[in-house]
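Survey of secondary and tertiary structure
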Amino acid sequence: NAPWFFARCWQAVSHLLVPRTAEKLKVLSPQQTLSFLRTVVDPQHIPDFLGGECRCPGGCVSSHGHATQDQVARDEAIERWEN
């Protein structure tokens, strides 16, 4: 889900890479992102805010470096067990 200018830069730079390396990278428009993501990840594991079906209690992923509620609960349980 790269900004338009990154796609332009990729077009300019990608031919400088070894073809095998360049083939491993995908630069997608926002319109292409979800359809491609669904080819490599089951929709039940894609968070709903990204167009998937995952609605985990406490959130599916952390946001801006902050832990989800599930991660905090897990860490607190581990800390209690260790003490």
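Residues numbered from 1 in each chain as written. Predicted model: local features only at pLDDT ≥ 70, side-chain atom pairs only at ≥ 80, totals over all residues. Heavy atoms only, no water.

Secondary structure assignment for the chain yields four helices and zero strands. Buried positions account for 13% of the 83 residues belonging to the chain. By sequence separation, contacts in the chain at least 24 residues apart represent 15% of the contacts at least 6 residues apart. Of the roughly 7,000 Å² of accessible surface on the chain, 57% is carried by carbon and sulfur atoms. (Helix = DSSP H or I, 4+ residues; strand = E, 2+ residues; numbered from the N terminus. Buried < 20%, exposed > 50% of the residue type's maximum accessible area, 1.4 Å probe, protein only. Contact = heavy atoms within 4.5 Å. Areas by Shrake-Rupley, 256 points an atom, 1.4 Å probe, with all protein chains shown as cover.)

What follows concerns the confidence of the model for the chain. Summarising the model, the chain shows a mean pLDDT of 80, and 83% of its residues fall at 70 or more. Within the chain, the lowest mean pLDDT, 76, falls on helix 4 (residues 69–82), and the highest, 89, falls on helix 2 (residues 19–22). (pLDDT = per-residue confidence, 0-100.)

You can see His-45 is positioned in the loop between helix 3 (30–40) and helix 4. In sequence terms His-45 and Cys-56 are eleven residues apart; their C-alpha atoms lie 9.4 Å from each other.

Attention now goes to the environment of Val-41. Residue position: Val-41 is located in the loop between helix 3 and helix 4. Under the relative-accessibility criterion, Val-41 is labelled partly exposed at 27%. Between the alpha carbons of Val-41 and Gly-52 there is a distance of 9.6 Å; along the sequence they are eleven residues apart.

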